[in-house]
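Survey of secondary and tertiary structure
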Amino acid sequence: MAGPRVEVDGSIMEGGGQILRVSTALSCLLGLPLRVQKIRAGRSTPGLRPQHLSGLEMIRDLCDGQLEGAEIGSTEITFTPEKIKGGIHTADTKTAGSVCLLMQVSMPCVLFAASPSELHLKGGTNAEMAPQIDYTVMVFKPIVEKFGFIFNCDIKTRGYYPKGGGEVIVRMSPVKQLNPINLTERGCVTKIYGRAFVAGVLPFKVAKDMAAAAVRCIRKEIRDLYVNIQPVQEPKDQAFGNGNGIIIIAETSTGCLFAGSSLGKRGVNADKVGIEAAEMLLANLRHGGTVDEYLQDQLIVFMALANGVSRIKTGPVTLHTQTAIHFAEQIAKIDLLNSRDQAKFIVKKSEDEEDAAKDTYIIECQGIGMTNPNL
C-alpha cells in the first residue's frame, strides 16, 4: 500500500498512550501507514508498556498489518495496515494493563470490519489511570451506541492492580456508517446509583463504608434524590486477586450520564475512597455539560468518523480531548486521496444563558463520513 505515511510525534500534548491509541485506530481505519516517534518520551518509564504493546498487536492482527519496533520500552513504531477483518481476536496485557483502553483502540476498527468480531481482552478491569469496566458498561456504552451501533460486553473475570488476570469479551457487528450525535441538552438529574465493591480477602464492611461515605457526601449537595449505592462482594470465581472501589452514576432527564469513581489502595481508608468518588461526580455535575470529563475524549474518534455534524456540550476541555482532536484532524487530513471530507473540529464557549456563569463548551465536529468498504 504505497502512499503518504502519517508521521506522529508521541511526546506532544498528552504525550502518552492516548496518542498511540488514536493514531493507530485511525491509521488502521483509513489504510494509512503510520510512524509514531518519541512514544511516551516524557514518562517516568518511557516507551511502550505491556498494555500499549498488546493493543498495537491486536490492531495489527485485526487487519493483517505489519508492525515494526513493537517491544516493551520501544519509543518508535511503524505500522502498515491492511484490510480490517472480523472474527475472534485476543489481547492479553499479562499485567493489570486496562482492558478498557484495549477496547478504546479496537472498537472503532472492528466497526468497519468485514464481519462480526469477538474481542477477548485480558488484564485489569478495575485498574488505576484508566476507566473502570463498570464505567465502560454503565456510561460509555449507552452514549457511544447513539452513533448507531450496539456492542455486547461480557465481564468474565475481574482483575485488579497489580496482578490483572481479568477478562472481558466484547462482541459487535460492523456498520455501514456512523450517525452523528447531538448531546447538547443536559436536563436535570433524576437518579443517582452505583456499586461499591470488594474482592478477594477484603472484608465486606469496606464496601458498606465506601457506599455510606459517598452517600453522606452527595446528600450535602443533593438532598431531594434517593442515592442507591449497592455494596457488592465480588464472587470468588469471578474476580482474580484483591481489590476495592466504587463507581457512582448520575442520570438526567435527557439521558445524560455522569460518573465519579475511585479505587482503594493499601493504607487508604474506605471512607476516603467513597468521598473521592462522590466529589468527582459532584464536580462533573457542576459544569453544565452533557458528558463527564472522562467521556469527552472517548467520543472524539467516533465524531471524526461519523457522517455529518456531531455536537457535545462539555465542561472544561481536557488535555486528553485536545490531544484526540489534534491527531484526528492531522490524520484525517492526510487521507485526501480518498477525497473524503476532512474531520473539522470547532471548540467554542457555550452561548446558552444557563451556562453563562459556568465553564461550559460546545465541541462540534464535521465527520469524514467513513463508509465500510466491506458492506
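Residues numbered from 1 in each chain as written. Predicted model: local features only at pLDDT ≥ 70, side-chain atom pairs only at ≥ 80, totals over all residues. Heavy atoms only, no water.

1. So, the overall build of the chain
To keep things clear, this is the line we draw: In this text, helices come from DSSP runs of H or I with a minimum length of four residues, and strands from runs of E with a minimum of two, each type numbered from the N-terminal end. Only C-alpha atoms enter the radius of gyration; for comparison, a globular chain is expected to reach 2.2 Å times N to the power 0.38, where N is the number of residues. For every residue, the accessible area (1.4 Å probe, protein chains only) is compared with the maximum for its type, and the residue is labelled buried under 20%, exposed over 50%, or partly exposed between those bounds. Pairs of residues are marked as contacts when any of their non-hydrogen atoms sit within 4.5 Å. For accessible areas, the Shrake-Rupley method is used with a probe of radius 1.4 Å. Any residue's cover is judged against the shown protein chains and nothing else.
Looking only at helices and strands, the chain features eight helices and 17 strands. For a compact globule of 375 residues, the expected C-alpha radius of gyration is about 21 Å, and the chain comes in at 20 Å, within 12% of that figure. Each principal axis of the C-alpha atoms in the chain carries an extent, and together these give about 60 × 50 × 40 Å. Scored against the burial criterion, the 375 residues of the chain give a buried share of 56%. At a minimum sequence separation of 6, the contacts of the chain that also span at least 24 residues come to 75%. Working note: accessible area of the chain is about 15300 Å², and carbon and sulfur atoms make up 51% of it.

2. Focus on the sheet that holds strand 10 (residues 189-199)
What counts here: Whether two strands pair depends on DSSP finding at least two bridges between them. Only C-alpha atoms enter the line fits that serve as axes; for helices the fit covers just the stretch in contact. Angles between N-to-C directions range over 0 to 180 degrees.
One open sheet holds the four strands; their spatial order is 11-10-13-14, and the pairing between them is mixed. Either end of the sheet is taken by a strand with one partner, and the two such strands are strand 11 (227-233) and strand 14 (257-263). Between one strand axis and the next, the sheet turns through 15° on average, direction left out of account. As paired elements, strand 10 and strand 11 share seven bridges and run parallel to each other. The residue of strand 11 that forms the bridge with Phe197 is Val232. Against the sheet, helix 5 (residues 204-221) engages strand 10, strand 11 and strand 13 (243-252), with an angle of about 165° to strand 11. The strands touched by helix 6 (residues 270-286) within the sheet are strand 10, strand 13 and strand 14, with strand 14 carrying the most contacts at an inclination of about 155°.

3. Focus: the pattern of salt bridges
Operational definition: In what follows, salt bridge is the name for a side-chain nitrogen of Lys or Arg lying within 4 Å of a carboxyl oxygen of Asp or Glu.
If you walk through the whole model with that rule in mind, you get 25 salt bridges. Asp209 is the partner of Lys205 in a salt bridge, and the nearest nitrogen-oxygen pair spans 2.6 Å. Pair noted here: Lys205 and Asp209 are both in helix 5, with a separation of four residues, about one helical turn. Lys205 sits in the exposed class, given a relative accessible area of 52%. What makes Asp209 partly exposed here is its relative accessible area of 23%.

4. Concerning helix 7 (residues 293-305)
Operational definition: In this scheme, the bend at a residue equals the angle between the axes fitted to the seven residues that finish there and the seven that begin there. Counting of polar contacts relies on pairs of N or O atoms within 3.5 Å, with two restrictions inside protein: one atom must be capable of donating a hydrogen and the other of accepting it, and residues adjacent in sequence are counted only when both atoms are side-chain atoms.
Largest kink in helix 7: about 35°, centred on Leu299. Of all the 13 residues making up helix 7, eleven are buried; the element is thus mostly covered by neighbouring parts of the structure. Residues of helix 7 that are buried include every one of Leu295, Gln296, Asp297, Gln298, Leu299, Ile300, Val301, Phe302, Met303, Ala304 and Leu305, and no others. The opening residue of helix 7 is Asp292, an N-cap whose side-chain oxygen sits 2.9 Å from the backbone nitrogen of Tyr294.

5. Section: the pairing of strand 7 (residues 151-159)
Taken residue by residue, a regular strand's side chains alternate between the two faces of the sheet. Sheet topology note: the strand 7/strand 8 (residues 166-172) ladder contains six bridges and is antiparallel. Across the sheet, the residue bridging to Cys153 is Val170, located in strand 8. Adjacent in sequence and paired antiparallel, strand 7 and strand 8 are bridged by six residues, among which Gly164 carries a positive phi angle near 70°.

6. Describing the nonpolar core
Quick note on the threshold: Throughout, nonpolar core names a set of buried Ala, Val, Leu, Ile, Met, Phe, Trp, Tyr and Cys residues whose side chains join them through atoms within 4.5 Å.
Judged by nonpolar contacts, the single largest core of 84 residues is most densely connected at Leu121, Phe147, Phe149, Phe151, Leu178, Leu299 and Phe345. Among all residues touching Phe147, those that are not within four sequence positions of it are Leu178, Asn179, Ile181, Leu299, Phe302, Met303, Ala306 and Ser310. Of all hydrophobic cores here, the second largest spans 27 residues; its members include Ala214, Cys217, Val227 and Ala270.

7. Description of the side chain of Ser27
Along the chain, Ser27 turns up in helix 1 (residues 17-30). The buried category is assigned to Ser27, whose relative accessible area is 0%. In this structure, Ser27 is in contact with Leu32, Leu34, Phe79, Pro81 and Ile331, ignoring residues within four places of it in sequence.

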